[in-house]
Amino acid sequence: MPVTAEPSAVRGGGRGRFAAVGRAFALVRRDPFATAGVLIYTVFLTIAIFADQLATHDPNQILYRPNGRVASNLPPFAQHILGTTNLGRDIYSQLVYGARSALIVGITAAFAVVMIGTLVGLVAGFFRGFVDMVMMRIADVALGIPFLPFVIVLSSFLEPSMWNVVIGMALVVWPSTSRVIRSQVLSLRERTFVEAARVTGSSPFRILFVHIAPNVLPLSFVYGSIAVGWAILTEASVSFLGFGGGDTVSWGSMLQNAYASQALSRGWYHWFVPPGVCIILVVVAGFFVSRGFEEVLFPRLRD
Amino acid sequence: MSVLSVQDLEVYYKTDRGVAQAVRGASFEVPEGQVVGVVGESGCGKTTLARAIIGVMPKTARIAGGRLMFQGVDLLGLSPREMASRRWRDIAFIPQSAMNSLDPVYRVGTQMAEVLVERGGMDKRAARRRAAELFDMVGLDPGRLRDFPHQYSGGMRQRAAIALALALEPRLVIADEPVTALDVIIQRQVLDTFKELQGRLGLSVILITHDISVVAYASDRVVVMYAGEVIESGATAEVLGRPFHPYTMGLCKAFPELHGGGGTLVPIEGSPPDLIAPPEGCSFADRCPFVEPECRTARPPLVDVASGSLAACRRTSEAEELRVLAGEAGTWLRS
Amino acid sequence: MQGSSRLVSRLVLTLFVLWTVATILFLIFRLMPGSPLAAFVSPTFTPEQQDSLRRQFGLDRTLFDQYLLFIGNLLQGNLGESFFYKRPVGEVVMTAFANTIALTLGSLIVAYTFGVLMGAMFAWKRGTRVEAVGIPIVLVTRAAPEFWLGMVLLAIFSFGLGWFPGGGANSAGQSFSSEWARIFSLDFLRHLILPATALALYLQGLPLLLMRTNMLEVMQEDFVTMARMKGLSNWAIVIRHAARNALLPVATAFALGIGQSVGGNVVVETVFSWPGLGRMLVDAVAASDYPLAQGAFLLITTVLVTMNFVADLLYSLLDPRIAHAGHR
Amino acid sequence: MAPLVVASGLEKHFPVTRRLGEVLRGERPVSRAVDGIDLTIGEGETVGLLGESGCGKTTTGRLLLKLTRPTAGTIRFDGGDLADLAGAALKRFRREVQLVFQNPFDAINPRFTVFRALREPLQNAGVPKEEHPERMRVAMHRVRLPDVEGYYDRYPHQLSGGQLQRVVLARALVLEPRFIVADEPVSMLDVSVRAGILNVMRDVHATMGLTAVYISHDFALVRYVCARTVVMYLGKMVEDGPSAEVVARPLHPYTRALVQAVPVPRVDQSREPLPIKGSLSAAQAQVGGCRFRDRCPYAFARCADEEPPMREVAPGHRAACHLL
């Protein structure tokens, strides 16, 4: 999908380096979905940062009633906003700390995936030939690896940790980004202004980083905002399957505990619905933000 | 006797910046069996005009006024259903790029048959026969009906588009830059085929182009458009031989001539006005070397200037002298 | 035909990818710290058992010999014997494979039928309230973890209303004359509905959004404008021209989806205790049943890689621009 | 006139996608975009490369600027072989030659202002910073965009096609090159602004003494701008001579067809049928013999067997046809 025209919303407006950031925000504001997405991100980011202050309890602490018995399976809105687990842990506090691990995994994984994907795409598309061939064959292999099973196999060897998801994603998920970036670079390097830069004696380095890279970065950003959600989903799945990070409280591990404790058959919706809703919100925020950008990147869709 | 009479047509577009007046009060006639060349530069409204006549426009476009009298019926007054039933049977279209206008996933023959069966009411066998006949007529091997569009060369695609347009024997054919994408020799060959068919079948044609030489070669009458308006119209020989509007004068001198002569080319400096806020007066005033203060106050109407020619200029009476001046490049240079 | 040389090279690539993944898997299981094999061949075994295991897996030989043995066995379809089931891995995996395929195909067919129709409708209704409400709903279901959707469905329809069984693929105590009879039994279908719905809810977003975007793009194409100029009916324009062209990438996505779902269904299979490949892999990994884990993983990979190839094939078959390349 | 550019035996073949049978037989089919061109361009000469799409004229232009490597043959620029250019010599060569593009709307990075676009070649060539303003101003004056300041801060999308093409031309001139290749520089522009660009190019050539190659499919344009015309057909030169001569007395049947086919903006034009058959795409497969024979109304046995060489018929006027 070639970016045929300069996005019209990006036209005009301010100049200079900071203007680019300003334009990005202006653009996000224009699209109500993107606004909602940014808002959701902001809320969860705040929760993640101030988790220590927002949580009412230590998420792993086993709570006791005054009579010395474990405060298990308390209903919501009594002493605990969302009640307690069967082991007497505060569900609300787990939810708050879950945001922290979700965002940490999401953002690092997305960053790793997009960094690798963009770099490989840029280099393969720009230098072509042997480099391109080798990189794209590696990408083919990575695309042939079933992702979730791979992370499961991987985490059975590595220390249980939420970083396994990040490593798994970095190893396997980058090709889809790099393929798109590469095809974008391939079409950009045929653009007249890139040829013009060659004719005027620009070095390959300058052509790649001054003329080509700035034109593909918005695309990387789109992929990044989707990858955040992907990583959070994957982390939840892996935790749910019991290959998560030991003591780390995550939304996935909460769901696993709920599932294992027969929360479903007992109808304890307050236990397994909130983590699911949180996952949905964060993932959907990524979709919304990327959609806002796509509308601008592919102006044909706007009509 | 006119097949089509375009009267004061106004077409507006909604854009991000406001409403663009793409066609502003255009009027002209298409006489029976003649080729009318509509010539103008990009953005002058010629394509919008064509799309308005056949009644297929983007959602953002709106016909804001005027009439399109086709054989005594105002096309603009028809219901969408009535209009759809007239398309292709009465008015057919030849697009600029036949490559994009043919569906890539069907064989060309299938696409011919689609029109013949669904719009022409033929059965499949008759449609197949007729398709072969049409291909033969435009100089294509009927065997190629089995091919997909991407297997055709550019010239073949344009020929196929002509065959498709003639399928239901329409009264009026609108050709939008039908040969622009082709090489000169192929251009000439396709144009010759088209001309020959037009004469033989007595077709009425609106030939839309930016290229004066195509108009000169293939049309009986010419309509010159500028900034959404018709600024001059008449018999081709008249308009190109003795232009009355300065824009037409400039345009005729803007082409290099193959056999030399003509001296330095005339550049028309500047660019057409913004159609979102068109000027009150003459739309060519800003680029016109003969502009007078009065030109900017009111739009000059189309007036009779010679045998059947019309021009929208205040100084048509001085056309003789202006033509001489317009032939000198210096006249058009701005300080 | 030009397409054929392309396909041959894709086929070679597919085999290359399979071989590479198998090799990576071999290395992971042999070289990673804390190999489950090392854990398995442990003091609880008698020395004779340990020796026989080591011989069985060739652990007494050099790494390279082990590799040759591994590849050799693989080529003969020999995946070893499951530690847990004490049966050849090939046999164990096949039953699970049938269950997984039934679940995958069932959910994909529902998801793609629904997604394609709704996607086409959303494209048609672009800019209306239907779209404004519909798109966020679609995005939300697509953002929901599939296993969580499964949990909610289970809680409501199985435990709450009692309409459907709470897990498994067949009721206990049932016996069938053949594998086919089992899969086409009403009992199987009743077990299939909830997990397939959970998956379909998650999967429908992709074909829907893809179809919608493609439709919108195709509707802008000149040939659609021409179809309108030809006076063709709306139905003919939308179905015959726009949808036919927009479906090309969706068909490809369907093939890719089969490949990805077979591995990605792990979580849903776990939630619904569906005895499929994914859950088998999870159980095998958890129980350090290394031959079984390896076999399941390889089978999943084979399906994925094959479907990637099929998607490629499908695209060149459906798009005449590729299928009929050359020949002028 | 001392020769500035000398191309001899120039060939450029592009690999085409192979069919299965060809892969199995180990064949490597190629498309012969340029297939044996000998061309000498004198210092200060303006040469028009004329031909239909697919005749190899653009590839020839790119070869002359070392933007692509020839499959065979050599190009000498100012006596030196282009194949040997590297490092500092290549950098110097890049300063001395320039290219003007067909599509001005894409020739400037959309994220660059006119100022940055004009400055880039100066920076790349290492021109001292204090010389930049004057050099840029001179170039802008040459292309008749004198109110420099009004343009510097604009982005490409804020300019009209005619203005953009002038900026592209100014960027090409800012290093004061000796040799310039212009590839269909006005074909994407509106008719009314084309003349402005063509006139600027004529002036620039006269005042700077530039050597120039204009690539075009438009015979009239080549005739207007260039003193000499070279006609190409399917990767080969078929005619070469003074423009006025070539138009008035075309020697090759293909050139004759071209002259016939060019439409003129007058109504009193000839309606003779074209002395040519078929289309270019059908003729593509021809190898050996005269490439034009399938479309040539005068073709005879020898045309299929023997490739006609370029023959000088009148002083400075050559053509490749057995009939001459």
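Computed from a predicted model, the values in this text were never measured in an experiment. (Residues numbered from 1 in each chain as written. Chains lettered and ligands numbered in written order. Predicted model: local features only at pLDDT ≥ 70, side-chain atom pairs only at ≥ 80, totals over all residues. Heavy atoms only, no water.)

1. Things to note about the domain arrangement of chain C
Residues and elements named next belong to chain C. Split into domains, chain C comes out as domain 1 (2-75) and domain 2 (89-327). Taken together, the contact between domain 1 and domain 2 spans 19 residues of the former and 18 residues of the latter. Both sides of the domain 1 and domain 2 interface together cover about 1,800 Å² of buried area, and 75% of this is carbon and sulfur. Between the two partners, domain 1 and domain 2, sit one salt bridge. Linking R10 and D312 is a salt bridge whose minimum nitrogen-to-oxygen distance equals 2.9 Å. Taken together, domain 1 and domain 2 are joined by one residue pair in polar contact (both at pLDDT 80 or more). Those elements giving two or more residues to the side of domain 1 that touches domain 2 turn out to be α1 (2-31), α2 (36-40) and α4 (63-75). Among the elements that line the side of domain 1 that touches domain 2, the one with the most residues is α1, at 13 residues. The class makeup of the residues in the side of domain 1 that touches domain 2 is 14 nonpolar, two polar and three charged. (Domains from an automatic or database assignment. Contact = heavy atoms within 4.5 Å. Buried area = accessible area lost by both parts, 1.4 Å probe. Salt bridge = Lys/Arg side-chain N within 4 Å of Asp/Glu carboxyl O. Polar contact = N/O pair within 3.5 Å; in protein donor to acceptor, adjacent residues only side chain to side chain. Helix = DSSP H or I, 4+ residues; strand = E, 2+ residues; numbered from the N terminus. Nonpolar A, V, L, I, M, F, W, Y, C, P; charged D, E, K, R; others polar.)

2. Examining the nonpolar core
Ranked by internal contacts, the top residues of the largest apolar core, which has 149 residues, are W251 of chain A together with F147, W148 and L277 of chain C. Looking at which element gives the most residues to this core, the answer is helix α5 (residues 89-124) of chain C, with 13 residues. Among the domains, domain 1 (2-75) and domain 2 (89-327) of chain C are the pair contributing at least three residues each to this core. The residues contacting W251 of chain A, other than those within four sequence positions of it, are F44, L95, G98, A99, A102, I232, P275, C278, I279 and V282 of chain A. Core analysis: the second largest hydrophobic core is formed by 105 residues, I75, V168, L175 and A257 of chain D among them. (Core = buried A, V, L, I, M, F, W, Y, C linked by side-chain atoms within 4.5 Å. Buried < 20%, exposed > 50% of the residue type's maximum accessible area, 1.4 Å probe, protein only.)

3. Some points on the side chain of R144 of chain B
All names here are of chain B. In this fold, R144 is placed in the loop between α5 (124-137) and α6 (154-166). In this structure R144 comes out as buried when scored by relative accessible area, which is 18%. One polar contact links the side chain of R144 to the main-chain carbonyl oxygen of Q151, over a distance of 3.0 Å.

4. Examining the interface of chain A and chain C
Between chain A and chain C, the residue contacts involve 44 residues of the former and 54 residues of the latter. When the two sides are added together, the surface that chain A and chain C hide from each other amounts to roughly 4,200 Å², 79% of it contributed by carbon and sulfur. The tally of links from chain A across to chain C stands at zero salt bridges. Put simply, chain A and chain C have zero residue pairs in polar contact (both at pLDDT 80 or more) between them. Breaking the side of chain A that touches chain C down by element, the ones donating at least two residues are α5 (129-143), α6 (147-157), α10 (204-240), α11 (251-260) and α12 (269-297) of chain A. In the side of chain A that touches chain C, the residues fall into 32 nonpolar, five polar and seven charged.

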